[in-house]
Amino acid sequence: MELDKLYNYSSFLKQYQYLNNQLDVNHISIKSILEHFHKFNFLSPDKNIQTFKNELIYLIFIAIHTQQLSQIDGSRLWSILCKKILIKLFNNFLSNHGETNYQNSYFVLGLGKIGVSDLNFASDIDI
């Protein structure tokens, strides 16, 4: 299906269509997605991590839809990016609370798909 038609059917795609002005959607590559990932400032309190996560999903979807990325590569890229996001958030939390001793503490992290080693498009990762 043509991309223009998909924007009419999907409120999610329409919501992140603004990225088309920042990136050439006809030439989205892993490199351009990773560049977008690295531009995000995880230390800034005014940044919306959910919006950022959805932007990455949008870019990966567009790359797959325009056949610039295979479904397998897109799923693997998403898995890697989710792991990197969680590591950055976790490390930022620890560095912001460096005075506290967390040796006797634990963290609960729900990622969905219990028992699966990779995250993917169907994974429920609400940060």
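Residues numbered from 1 in each chain as written. Predicted model: local features only at pLDDT ≥ 70, side-chain atom pairs only at ≥ 80, totals over all residues. Heavy atoms only, no water.

### Describing the overall build of the chain
Helix and strand counts for the chain come out as 6 helices and 0 strands. The 127 residues of the chain split such that 35% are buried. Considering only contacts in the chain between residues 6 or more positions apart, those separated by 24 or more positions represent 63%. When the accessible surface of the chain is split by element, carbon and sulfur atoms take 52% of a total near 8500 Å². (Helix = DSSP H or I, 4+ residues; strand = E, 2+ residues; numbered from the N terminus. Buried < 20%, exposed > 50% of the residue type's maximum accessible area, 1.4 Å probe, protein only. Contact = heavy atoms within 4.5 Å. Areas by Shrake-Rupley, 256 points an atom, 1.4 Å probe, with all protein chains shown as cover.)

### A look at the nonpolar core
Residues Ile33, Phe52, Leu56, Tyr58 and Ile60 are the most contacted members of the largest nonpolar core, which totals 29 residues. Secondary structure elements with two or more residues in this core: α1 (3-9), α4 (30-39), α5 (49-65) and α6 (71-96). At 10 residues, the largest contribution of residues to this core is made by α5. Residues in contact with isoleucine 33, not counting those within four places in the same chain, are Ile28, Leu56, Leu59, Ile60, Ala63, Leu69, Leu77 and Leu81. (Core = buried A, V, L, I, M, F, W, Y, C linked by side-chain atoms within 4.5 Å.)

### Concerning the packing of aromatic side chains
A full pass over the atoms with the stated rule returns 7 aromatic pairs. Between phenylalanine 12 and tyrosine 16, the aromatic rings sit 5.1 Å apart at their centres with planes inclined by 50 degrees, giving tilted as the arrangement. Judged by relative accessible area, which is 3%, tyrosine 16 ranks as buried. Here phenylalanine 37 and phenylalanine 52 contribute two aromatic rings whose centre-to-centre distance is 5.9 Å and whose plane-to-plane angle is 35 degrees, an arrangement assigned as tilted. (Phe/Tyr/Trp six-rings, centres within 6.5 Å; stacked < 30°, edge-to-face > 60°.)

### Remarks on α5
Here α5 is 17 residues long and its end C-alpha atoms lie 24 Å apart, about the 24 Å a rise of 1.5 Å per residue gives. Capping the start of α5 is the job of one residue whose side-chain oxygen sits 2.8 Å from the backbone nitrogen of glutamine 50: asparagine 48. Taken from the residues just after α5, glutamine 67 is the one with a positive phi, measuring 60 degrees. (Expected span 1.5 Å × (residues − 1). Polar contact = N/O pair within 3.5 Å; in protein donor to acceptor, adjacent residues only side chain to side chain.)

### Quick word on the environment of tyrosine 7
When you line up the elements, tyrosine 7 lands in helix α1. Note on tyrosine 7: relative accessible area 4%, which makes it buried. Not counting residues within four places of it along the chain, the set of residues in contact with tyrosine 7 comprises Leu13, Lys14, Gln17, Asn20, Tyr58 and Ile62. Among the polar contacts listed, one links the side chain of tyrosine 7 to the side chain of tyrosine 58, at a separation of 2.5 Å.

### Details of α4
Listing the buried residues of α4 in full gives Ser32, Ile33, His36 and Phe37. Buried residues in α4, looked at end-on, bunch into an arc of 145 degrees, giving them a common side. More than 90 degrees from the buried face of α4, the exposed residues found are Lys31, His38 and Lys39. (Arc of directions from axis to C-beta.)

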